[in-house]
Amino acid sequence: QVQLVESGGGLVQAGASLRLSCAASRNIFNANFMGWHRQPPGKQRELVAGITSGGQTTYGDSVKGRFTISRDDAANTFDLQMNNLNPEDTAIYSCSYVLWTTTYWGQGTQVTVSS
């Protein structure tokens, strides 16, 4: 019942910045949790960043201090600002939306960082 549409991925060089955006088809103030995950080539999916309905945030150790998650309830979007990217950040990034016991996922967007 919740559709998520991602945008902002692309190919950049090391040290550059990207901003990913996730647009939800319904009001995000109802969400218990919204987040970003990534899956590098040949590796398991990992949590990058998350934010609760109360505004509490969490970050993976590898991105802490470089990435920032934010939400805009009026626009029904939440973003991931990624700074100082390095090749290890190359992955498919997916946004998620947790409503009660159900987790909805976006289609994923490719982020590639060259050295």
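Structure first, text after, so check above.
What counts as what
- Residues numbered from 1 in each chain as written.
- Predicted model: local features only at pLDDT ≥ 70, side-chain atom pairs only at ≥ 80, totals over all residues.
- Heavy atoms only, no water.
- Helix = DSSP H or I, 4+ residues; strand = E, 2+ residues; numbered from the N terminus.
- Contact = heavy atoms within 4.5 Å.
- Pairing = 2+ DSSP bridges.
- Axes fitted to C-alpha atoms, helices over the stretch in contact; angles between N-to-C directions.
- Buried < 20%, exposed > 50% of the residue type's maximum accessible area, 1.4 Å probe, protein only.

Describing the environment of Gln13
Right, on to step 1. Take Gln13: it is sitting in strand β2 (residues 10–13).
Right, on to step 2. Each C-alpha atom of the pair Gln13 and Ile51 lies 28 Å from the other, and the pair is 38 residues apart in sequence.
Right, on to step 3. Contact partners of Gln13, with chain neighbours within four places excluded, come to Val113 and Ser114.

Comments concerning the sheet that holds strand β8 (residues 77–82)
Right, on to step 1. With antiparallel pairing, the four strands of this open sheet are ordered in space as β1-β3-β8-β7. Only two strands of the sheet have a single neighbouring strand rather than two, namely β1 (4–7) and β7 (67–72). Going across the sheet, the axis of each strand differs from the next one's by a mean of 15°, ignoring polarity.
Right, on to step 2. The sheet contact formed by strand β3 (residues 18–24) and β8 spans six bridges and is antiparallel. In the sheet register, Ser21 faces β8, and the bridge partner there is Asp79.

A short note on the pairing of β8
Right, on to step 1. For β8, a buried count of five out of six residues is recorded, marking the element as mostly surrounded by other parts of the structure.
Right, on to step 2. Two elements, β7 and β8, share six bridges in a ladder whose sense is antiparallel. Across the sheet, residue Thr68 finds its bridge partner in β8, namely Gln81.

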